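Take a look at the letters that make up each chain.
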Amino acid sequence: MPLADLNARFGIADQLKFIEGPNGLVFAEIDNSLGTSYICLQGAHITTFRPKDQVEPVIWVSKFAKFAPGKSIRGGAPVCWPWFGAHASESSFPGHGFARTVMWEVTQSAALPSGETEITLALLENDQTRAQWPHKSRLELNVIVGKSLKASLNTTNLGDAPIEIGEALHTYFQISDIIDVQVTGLENTVYLDKVGEVTRRTQEGPVTFNSEVDRVYVDTEATCVIVDPGFNRRIVISKTGSRSTVVWTPWEEKADKMGDFGQDGWRGMVCVESVNALENVVTVAAGETHRMTVEYAAESM
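All of these numbers come straight from a predicted model, not from anything done at the bench.

Once that is clear, we can look at the overall build of the protein. Helices and strands together make up the secondary structure of the protein, namely three helices and 23 strands. Relative to a compact globule of 301 residues, whose C-alpha radius of gyration would be 19 Å, the protein shows 18 Å and is just as compact. Projected onto the principal axes, the alpha-carbon positions of the protein cover approximately 50 × 45 × 35 Å. Looking at the 301 residues of the protein, the share that counts as buried comes to 53%. Here the analysis covers contacts within the protein between residues at least 6 apart in sequence; of these, 62% occur between residues at least 24 apart. A total of about 13,100 Å² of accessible surface is found on the protein, and carbon and sulfur atoms cover 47% of it. For the protein, the separation between the mean place of its 26 positive charges and that of its 38 negative charges on side chains is 1 Å.

As structure tokens, then:
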């Protein structure tokens, strides 16, 4: 849909407008009295979010992120769907699914009485997605921007047989320095450690960082908190409909190989992802909708 039509149908005066970004990508720019956010229509990708009472954004995006058609964006909150990680049987299919690199359409927007701004996007199918996911389904992302950021990823099974999905909001959070932060809420939780030889372990105490971390915590619906003394704040990550949590930092060597972090960019972010993966993949019955919801809020320490 052309920009003019998007703004005519879904724009909201003093709150929401649609703009053209790098390489022709279209973004929803949300700026209300409570918070600001940008959402790329490719991938329904929330690229940043900052409450107005915070100096620093809550959601991080790399200064060296590549914004290009069909390419994933380093940072923000990528939508991983309909599988998480590598595809179970087809190595040629993209890691974390196709949802984060295809176009979505705006289906609804609203200015809420609370002062928050709401927008809903739906994934657009094409021949490539149907070849990789031959199931009748609908995927929507509903986002509410205010003092906190709320997002709901909704999968509806439009077919006549159950479908199984893996999914995530692979969110990158902005922090002062990875060495100084810790993540609480996962104490005594079993996780799959994916650094080196894959090993199943149990978390002892808060998650702290002094090297690469890539962990899938299973059977947990716990609220997590990023404790950041450098920014004098806590980022509270609450969720429903998600039974796994991923914590990830690439650390220096791996980040350098990726090429879109920049020098020391990895130090200013950590991923705490709301997920359904491994033994927590979700079966959606015919005619039913599965909802995974998250809320990100920052508070002073």
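Let us now look at the layout of surface pockets. Put simply, the largest pocket is a space of about 410 Å³. What lines the largest pocket is a set of 23 residues, among which Arg-74, His-96, Arg-100, His-170 and Tyr-172 lie closest to the centre. Elements that contribute at least two residues to the lining of the largest pocket include exactly β17 (213–218), β20 (244–249) and α3 (251–258). Class assignment of the residues belonging to the lining of the largest pocket gives a composition of eight nonpolar, five polar and ten charged. Estimates place the volume of the second largest pocket at around 230 Å³. The wall of the second largest pocket is formed by 13 residues, among which Pro-82, Trp-83, Ala-88, Glu-164 and Gly-166 lie closest to the centre. The residue inventory of the lining of the second largest pocket, partitioned by class, reads nine nonpolar, three polar and one charged.

The subject of this paragraph is the nonpolar core. Within the largest apolar cluster, 80 residues are counted, with the highest numbers of intra-cluster contacts made by Trp-104, Ile-119, Phe-209 and Ile-226. Of the residues forming this core, the biggest block, five residues, is contributed by strand β21 (residues 269–276). Ignoring anything within four residues of it in the chain, the contact list for Phe-209 reads Ile-178, Ile-179, Val-181, Gln-182, Val-183, Val-247, Thr-249, Trp-251 and Val-270. Counting six residues, the second-largest nonpolar core is a separate cluster that includes Leu-25, Ala-65, Phe-67 and Ile-73.

Quick look at the sheet that holds strand β16 (residues 207–208) now. Sheet architecture is open: nine strands sit in the order β6-β7-β8-β9-β23-β19-β18-β13-β16, paired in antiparallel fashion. One side of each edge strand has no neighbouring strand; the edge strands of this open sheet are β6 (104–111) and β16. Where strand β9 (residues 149–157) lies against strand β23 (residues 289–300), eight bridges are found, and the strand directions are antiparallel. By the bridge assignment for β23, Ser-152 is matched with Thr-293.

What counts and how
- Residues numbered from 1 in each chain as written.
- Predicted model: local features only at pLDDT ≥ 70, side-chain atom pairs only at ≥ 80, totals over all residues.
- Heavy atoms only, no water.
- Helix = DSSP H or I, 4+ residues; strand = E, 2+ residues; numbered from the N terminus.
- Rg over C-alpha atoms; globule rule 2.2 N^0.38 Å.
- Buried < 20%, exposed > 50% of the residue type's maximum accessible area, 1.4 Å probe, protein only.
- Contact = heavy atoms within 4.5 Å.
- Areas by Shrake-Rupley, 256 points an atom, 1.4 Å probe, with all protein chains shown as cover.
- Lys, Arg positive; Asp, Glu negative; His and termini not counted.
- Charge placed at Lys NZ, Arg CZ, Asp CG, Glu CD.
- 1 Å grid on protein atoms, 1.4 Å probe; cavity = no way out; pocket = protein on both sides within 12 Å on 5 of 7 lines; lining within 4 Å.
- Points joined across faces, edges and corners; volume = space filled by probe spheres on them.
- Nonpolar A, V, L, I, M, F, W, Y, C, P; charged D, E, K, R; others polar.
- Core = buried A, V, L, I, M, F, W, Y, C linked by side-chain atoms within 4.5 Å.
- Pairing = 2+ DSSP bridges.

That is the geometry; function is a separate question.
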